[in-house]
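Each chain is listed here by its residues.
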Amino acid sequence: MALFARSVRKKSDPFDVLSRRQVLATLGSLAAGSCLFGCSNLGSSSTSAPLPEQPVPAGPSTDATVSISSTTSGTMPARFVGLSYEKSKLAQPLFSGTNTNLVGLFKRLGPSLLRIGGNSVDETTWNPTGPGQTSGQTAPADVNALAAFLAAAGWSVLYGVNLAQSTPATAAAEVAYAAKAFGTNLFGIEIGNEPDLYAGNYFPSTWNFSDYLALWQSFASAILAQTPGAPLTGPVVADNTSWFSSFAQDEGKSVVLLSAHYYRGNGQAASSTIEDLISYPDTNLENYLAALKSPAAAAGVPFRLAETNSFYNGGAPNVSDSYASALWAIDHLFTIALGGSVGANFHGGGDGTGYTPIADNDGVVVEARPEYYGALLCALAAQGPLLATTIAAGSLNTSAYTVQNSPAQLSVILVNKDVTENLLFTATCPGTVQSASLQVLTGPSLSSTSGVTIQGSPVNPDGSFSPKLSYGLEVSADTFTGYVPAASAALIVVMLG
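Now for a look at the structure at hand. Just so we're clear, the structure is a prediction, and the values are computed from it rather than from any experiment.

**Let's talk about the overall build of the protein chain**
- When its secondary structure is counted, the protein chain shows 10 helices and 23 strands.
- Against the compact-globule benchmark of 23 Å for 497 residues, the protein chain has a radius of gyration of 22 Å, which places it among compact chains.
- Viewed in the frame of its principal axes, the protein chain has a C-alpha envelope of about 65 × 45 × 40 Å.
- Residue burial in the protein chain is summarised as follows: out of 497 residues, 61% are buried.
- Summed over its atoms, the accessible surface of the protein chain is roughly 16900 Å², and 53% of this surface lies on carbon and sulfur atoms.
- Of the charged side chains in the protein chain, 20 are positive and 33 negative; the average position of the first set lies 6 Å away from that of the second.

This is how it looks when you write it as structure tokens:
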């Protein structure tokens, strides 16, 4: 059943196991550390000269104890941190091989998965003879531009086609063209968007899962007849775990990915505040993931939250676009990974006051929003097993996560959401610590919508990024010690001996 009632959302226009360590230039083996696409300072574990000592943050501090176990509690796969856009964005000059700013911001996150879908997928018609960049249509020129963008950015695509207001033959023709254009960058095909919300909208109020399954199968058959082996996905539900489970049972063996969506709440609700956003754990999310994981495992198919963000209906203004969203994004992504999902795609697009990791205006990149920084910090932690990690800091709102990048390297993320208390932490590792270095994600205040940095550097609209040297931390035997300032998050690279 749905975790919370909601109407059809109006969004803002808003695993293969590829080694992300290839992108990070073989994490753990470089003397100066590594960073996505050429930032040598971030993620450094040692340098030829000593790293600067971490300054003591101003204000009161609370002692915190972090315990990192050797027990594996999940996995952070490659291509985990993805993005999602409305299909209507293809009618704008956004996705092209020549949009170097957008390419740069995507590359900064590393190779991953772009999802093209959203509500507008069922409002968009395939026009094989269209001129392109026409509202309500997708034409070959639009697909070609997206293909060029994917090639330039090094991303794959989860591509959606119209189910609610199209025909099997039309969808099959579009997929046939798209499959040739995308080539190996086509990860999967979504058929429709949130069909569990079609009743009373595209179809009568009696619309049910059986109706959806029969319609989906007719589209799938037509697509496969024209493009044998096309990688299909489903069911793209908004939040209906019953539909997800039934689809996994009926069609799990015929798809490459099971997909569902998740939002924390309604962006138009007065309760959608910064305090609510950063309150963790999100038990609704944990329960939702558990309800998806079981049928996916039974079907032997991975599952992904192919569309997610803070609050639906485009987000809560001055909340979803605030610095608090950066800290929330970290908890959100790690909760999803610990819940067994192979990835999460933050929905976005546009330049409104709601959610979007990257703001754009008529195809022109405006800026990387705070949420992007949280996603980036997670991407910098790279991939690998997730080690069970706990943090004890009294009643403070904190969280801790550990990725084992290799037997000799850990990436630890500590999040301190308290606005006044700094954390003076001592962390215990499952092995002797040779060195530890820290970078910090900061913002002026939780409500700020600009001024966010990682290790003192903003991410520029073209994706360029020049963080200062990491801080070297004090180590002793199996421990390391440092600070997480109030309202900040720290990425710590730990080298074990």
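**Focus: the sheet that holds strand 3 (residues 113-117)**
- The parallel open sheet is built from 8 strands, whose spatial order is 7-6-3-2-11-10-9-8. Edge positions in the sheet fall to strand 7 (186-191) and strand 8 (233-237), since each has one partner strand and no second. Pairs of neighbouring strands in the sheet enclose a mean axial angle of 20 degrees, with direction left out of account.
- Note that strand 9 (residues 257-266) and strand 10 (residues 303-312) share 8 bridges and pair parallel. Residue pairing across strands places alanine 260 opposite leucine 305, the latter belonging to strand 10.
- The sheet strands contacting helix 3 (residues 140-153) are strand 3 and strand 6 (156-161), and the helix crosses strand 6 at an angle near 160 degrees.
- Running over the sheet, helix 10 (residues 370-380) touches strand 2 (81-86), strand 10 and strand 11 (344-348) and is turned about 145 degrees from strand 2.

**With respect to the packing of helix 8 (residues 283-299) against helix 9 (residues 324-338)**
- For the pair helix 8 and helix 9, the least separation of the axes is 9 Å and the interaxial angle reads 25 degrees. Classified by the angle their axes make, helix 8 and helix 9 are roughly parallel. Crossing handedness for the pair helix 8 and helix 9: right-handed. Here Leu285, Glu286 and Leu289 of helix 8 come into contact with helix 9, specifically with His332, Thr335 and Ile336.
- Taken together, the residues of the contact of helix 8 with helix 9 sort by class into 3 nonpolar, 2 polar and 1 charged.

**Notes on the pattern of salt bridges**
- Going through the model one piece at a time under the given rule, you end up with 9 salt bridges.
- A salt bridge links aspartate 331 to lysine 417; the nearest nitrogen and oxygen atoms lie 2.6 Å apart. One end of the pair, aspartate 331, is in helix 9; the other, lysine 417, is in the loop between strand 16 (409-416) and strand 17 (422-428), and 86 residues separate them in sequence.
- Residue classification places lysine 417 among the buried residues on the basis of a relative accessible area of 3%.
- Beyond isolated ion pairs, a larger network of salt bridges with shared partners links Arg115, Glu190 and Glu307.

**Looking at the environment of serine 271**
- Mapped onto the secondary structure, serine 271 falls in the loop between strand 9 and helix 7 (274-277).
- Relative accessible area serves as the criterion here: at 52%, serine 271 is assigned to the exposed category.
- Through-space distance from the C-alpha of serine 271 to that of serine 466 is 38 Å; in sequence the pair is 195 residues apart.

**Quick notes on the pairing of strand 13 (residues 364-368)**
- Where strand 12 (residues 358-361) and strand 13 come together, 4 bridges link them in antiparallel fashion. Residue asparagine 361 lies in a different strand from strand 13, and its bridge partner there is valine 364.
- Taken together, strand 12 and the strand that follows it, strand 13, pair antiparallel across an intervening segment of 2 residues, in which aspartate 362 is found at a positive phi of about 50 degrees.

**Brief notes about the packing of aromatic side chains**
- Evaluated as defined, the whole model comprises 25 aromatic pairs.
- Between tyrosine 212 and phenylalanine 247, the ring centres sit 6.2 Å apart and the planes meet at 35 degrees, which makes this aromatic pair tilted. With tyrosine 212 in helix 5 (residues 209-226) and phenylalanine 247 in helix 6 (residues 241-251), the pair connects residues that are 35 residues apart, well separated along the chain.
- Residue phenylalanine 247 is classed as buried on the basis of its relative accessible area, which comes to 0%.
- Following the ring pairs from residue to residue traces out a cluster consisting of Tyr85, Phe95, Phe106, Phe149 and Trp155.

**Observations regarding helix 4 (residues 168-182)**
- If you check helix 4, its first and last C-alpha atoms are 21 Å apart, about what 15 residues at 1.5 Å a residue would give, namely 21 Å.
- Buried residues of helix 4: Ala171, Ala172, Glu174, Val175, Ala176, Ala178, Ala179 and Phe182, and no others.
- Residues of helix 4 that are buried sit in contact with strand 4 (125-126), strand 5 (137-138), helix 3, strand 6, strand 7 and helix 5.
- Directly after helix 4, the chain includes glycine 183, whose backbone phi takes a positive value near 60 degrees.

**Considerations on the nonpolar core**
- The biggest cluster of nonpolar side chains holds 112 residues, and the ones touching the most others in it are Phe95, Phe106, Tyr159 and Leu441.
- Of all hydrophobic cores here, the second largest spans 26 residues; its members include Ala393, Leu423, Val433 and Ala436.

**A short note on helix 2 (residues 100-108)**
- Those residues of helix 2 that sit buried are Leu102, Val103, Gly104, Leu105, Phe106 and Arg108.
- Phi for glycine 110, located one or two positions after helix 2, is positive at around 90 degrees.

**Some details on the state of the cysteines**
- Evaluated as defined, the whole model comprises 0 disulfides.
- Unpaired in terms of disulfides, cysteine 429 finds its nearest cysteine sulfur in cysteine 378, a separation of 19 Å.

**With respect to the side chain of asparagine 422**
- Positionally, asparagine 422 belongs in strand 17.
- Apart from the residues within four sequence positions on either side, asparagine 422 is in contact with Pro57, Ala58, Gly59, Pro60, Ser61, Thr62, Asn416, Val484, Pro485 and Ala486.

**So, the pairing of strand 9**
- Most of strand 9 sits out of view: 9 of its 10 residues are buried.
- Here strand 8 pairs with strand 9 via 4 bridges, running parallel. In the sheet register, proline 235 faces strand 9, and the bridge partner there is serine 259.
- A crossover links strand 8 with its parallel partner strand 9, the connecting element being helix 6, and its sense is right-handed.

What counts as what
- As a convention, each chain's residues are numbered from 1 in the sequence order in which they are written.
- Side-chain atom pairs in this predicted model are given and counted only at pLDDT of 80 or more, local residue features only at pLDDT of at least 70, and totals for whole chains, interfaces and linings cover all residues.
- Derived side-chain values reflect all non-hydrogen atoms in the structure, with water molecules and hydrogen atoms excluded from consideration.
- In this description a helix means any DSSP run of H or I spanning at least four residues, a strand means any run of E spanning at least two, and both kinds are numbered starting from the N terminus.
- Restricting the calculation to C-alpha atoms gives the radius of gyration, and the globule rule supplies 2.2 Å times the number of residues raised to the power 0.38.
- Categorising residues by exposure relies on relative accessible area from a 1.4 Å probe, with only protein chains included: less than 20% of the type maximum marks a residue as buried, more than 50% marks it as exposed, and the intermediate range marks it as partly exposed.
- Here the Shrake-Rupley method, with its probe set to 1.4 Å, supplies the accessible areas, and only the displayed protein chains count as covering residues.
- His is not counted here, nor are the chain ends, while Lys and Arg score as positive and Asp and Glu score as negative.
- Note that the charge is assigned to NZ on lysines, CZ on arginines, CG on aspartates and CD on glutamates.
- We treat two strands as partners when DSSP finds at least two bridges between them.
- In this analysis, axes come from line fits to C-alpha atoms, helices being fitted only over the stretch in contact, and the angle between any two N-to-C directions falls in the range 0 to 180 degrees.
- We call two residues contacting when some pair of their heavy atoms lies within 4.5 Å.
- By the definition adopted for this analysis, an angle is roughly parallel if under 35 degrees, roughly antiparallel if over 145, roughly perpendicular if from 65 to 115, and oblique otherwise.
- Should the near helix be turned anticlockwise from the far one by less than a right angle, the crossing is left-handed, and should it be turned clockwise, the crossing is right-handed.
- Classification convention: Asp, Glu, Lys, Arg as charged; Ala, Val, Leu, Ile, Met, Phe, Trp, Tyr, Cys, Pro as nonpolar; all other residues, Gly among them, as polar.
- Salt bridge, as used here: a side-chain nitrogen of Lys or Arg that lies within 4 Å of a carboxyl oxygen of Asp or Glu.
- Aromatic contacts are taken between Phe, Tyr and Trp rings whose centres are within 6.5 Å, Trp giving its six-membered ring; a plane angle under 30 degrees counts as stacked, one over 60 as edge-to-face, and the others as tilted.
- A helix is expected to reach a length of 1.5 Å times the quantity of its residues less one.
- Among buried residues, those of type Ala, Val, Leu, Ile, Met, Phe, Trp, Tyr and Cys that are joined through side-chain atoms within 4.5 Å constitute a nonpolar core.
- Our working definition of a disulfide is a cysteine sulfur pair at a distance within 2.5 Å.
- Look down the strands so they point away from you; if the path from the first strand over the helix to the second goes clockwise, the crossover is right-handed.

Distances and angles like these do not, on their own, reveal function.
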